[in-house]
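Structural description and commentary
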Amino acid sequence: MEKHTPLSSHIKHIQRFTRRQKPQLNNRHKVSWSPWVALMLCGLFAGVWWLLPHPILIIIAGLVPLAIYGVLRLPFLIVLSFVIFSFCRIHEAFPFLNPLRIPQLLALGSLFALGWHIVVTGKIQPFWDKSLHWVTVFFVLVFIGIFFATSRDIAITAFKDSYIKIIIMTYAIAWLTRTPKDFALSLYLFTLSGVAVAGVALFNKANGIGLVEGTRVTVGRELGSILGDPNDLALVLMFPISFAASLMLNKGLGKIARCIGTLSTITLFSAVIATQSRGGLLGVIAVFGLMAYRRIESKIIFFGGGAVGVMALFVMAGISGRASGGAAEDGVDASAMGRIYAWQAAWGMALVNPITGVGLKNFFSNYYFYSPHWDGLNHAVHSTWFGVMAESGLLGIIVFIGMVVKLVIDATNSTNLAVKRHSPAVITAASEANLAAILGIAVSGTFLTQGYTWPIYVVASLIIAMKHWQKENL
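Owing to the predicted nature of the structure, the values given are computational and were not obtained by experimental measurement. (Residues numbered from 1 in each chain as written. Predicted model: local features only at pLDDT ≥ 70, side-chain atom pairs only at ≥ 80, totals over all residues. Heavy atoms only, no water.)

A few points about helix α17 (residues 384–420)
The terminal C-alpha atoms of α17 lie 34 Å apart, and with 37 residues this falls more than 12% below the ideal 54 Å at 1.5 Å per residue. Most pronounced at Ser392, the bend in α17 amounts to some 130°. At the N-terminal end of α17, a side-chain oxygen is found 3.4 Å from the backbone nitrogen of Trp385, two or three residues along, and the residue is Ser383. Positive backbone phi, approximately 55°, marks His422, located one or two places after α17. (Helix = DSSP H or I, 4+ residues; strand = E, 2+ residues; numbered from the N terminus. Expected span 1.5 Å × (residues − 1). Bend = angle between axes of the 7 residues up to and from the residue. Polar contact = N/O pair within 3.5 Å; in protein donor to acceptor, adjacent residues only side chain to side chain.)

As structure tokens, this is what we get:
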């Protein structure tokens, strides 16, 4: 009698055959797109060549695929490089880089990489953190303040030219910094970029190039660079010191890292001294003070030695020899009085506009209307805290202070946790560098205007990224 195979067996056999064949069909389908992609690229380059027949296009055509691959493969490096060029103004310290338009290229690469990995590949996983609440609320207040600014044109220009980039990159760095290698890269890149600018500053000092008041060093002053102001230069030089000092003092990183950190710290410290900026010196004192406090067990020795060190530092910097704010001026020097007048003006702006302030970058144009002392010139605010108060109102300064306090708490907790859990040396070093950086920014903010510039937001993103990494891995 003939046996009949059950229907269920036939169905199972068909399913197994389908599963075996499906991957092969999918692979053939994927491979079939390659000739079309190649043909489209050839057509694109041929069209460009027909419109602009220049031999350089051959080189560009060959480099474009490599550039795209590099941008997609190393998004964190691209974003961090854009931040460094935008903040440290490397292309202004080295003018021969200007024609290459590096910041613009890095900006395009950063946006492309972020969009690709968030939307297409999903490799970048956005997360949220309580600290991001404070950062976001302050961003929103600044944005709303644009519409109520006394000069909307100034506020809109400052927002689209600079602040919008800072906003985007704050989230980008926080979400892209995912591994110990990323934290190590931030340590080295910020350190070495600062050293590059410091080297130019020391060269200018030695050769008497671009000096302000005869003694204060600048960089790129003849080209109109923002580094042409000694206080702005001090801000750029002070920020990397926390990273360099952390490399120098953390033994677990190895001898090469400590050697790089030591040489970089000396170079950066010397350049800050050459600016004769009181705000810069206060920031350096805060950074070194934190590092010393964490390593010196006897607090009597710490405070006693610290007092002597601070006095020696101001003598070494030659503050008393400055043309403005030096010992030659009787009573309260002109530089200090100028700041007091500016702070009084900032307080007046905040009282009249308590919710929105006068608007982003509008302090300078409003100085005349609120200053108790008019000498025929508008003046800058020269203070992070009063600057935020004037341009974002009393509400803005409350949120800004809350943001800074939250960041200091998070950075302190991350540093303590890294030590307690015996984390990798690079995590401990990066945590301490972040804490030193945020403290240095907060202290130097007494005399340096950085409420709407890169440093505090870069450090915020690194602190948030470190907190998230520790939460996921420790």
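Observations concerning the environment of Pro95
Along the polypeptide, Pro95 turns up in the loop between α5 (90–93) and α6 (102–121). The exposure class of Pro95 is partly exposed, given its relative accessible area of 39%. C-alpha of Pro95 to C-alpha of Leu223: the two residues are 128 residues apart in sequence and 8.7 Å apart in space. (Buried < 20%, exposed > 50% of the residue type's maximum accessible area, 1.4 Å probe, protein only.)

Brief notes about unusual backbone geometry
Although it is not a glycine, Glu213 adopts a positive phi angle of roughly 60°. Structurally, the position occupied by Glu213 is in the loop between α9 (180–207) and α10 (230–238). Looking at Glu213, the relative accessible area reads 35%, which means it is partly exposed. The phi dihedral of His422 is positive, around 55°, even though this residue is not glycine.

Notes on the pattern of salt bridges
Following the criterion strictly, the structure yields 7 salt bridges and no others. Of the charged contacts in the structure, one is a salt bridge between Asp410 and Lys406, with a shortest N-O distance of 2.9 Å. Taken together, the positions of Asp410 and Lys406, both in helix α17 and 4 residues apart, correspond to about one turn of that helix. There is no split in this pair, since Asp410 and Lys406 are both buried. Taken together, the shared-partner salt bridges in this structure form one network comprising Asp129, Lys406, Asp410 and Lys467. (Salt bridge = Lys/Arg side-chain N within 4 Å of Asp/Glu carboxyl O.)

A word on the packing of helix α11 (residues 241–249) against helix α13 (residues 278–293)
Two elements in contact, α11 and α13, have axes whose closest approach is 10 Å; the angle formed by their N-to-C orientations is 25°. As summarised for this structure, α11 and α13 are arranged roughly parallel, according to the angle between their axes. For the pair α11 and α13, the crossing hand works out as right-handed. Facing α11, whose interface residues are Ile241, Ser242, Ala245, Ser246 and Leu249, α13 presents Val284, Val287, Phe288 and Met291. Tallied by class, the residues present in the contact of α11 with α13 amount to 7 nonpolar, 2 polar and no charged. (Axes fitted to C-alpha atoms, helices over the stretch in contact; angles between N-to-C directions. Parallel < 35°, antiparallel > 145°, perpendicular 65-115°, else oblique. Left-handed = near helix turned anticlockwise from the far one by under 90°. Contact = heavy atoms within 4.5 Å. Nonpolar A, V, L, I, M, F, W, Y, C, P; charged D, E, K, R; others polar.)

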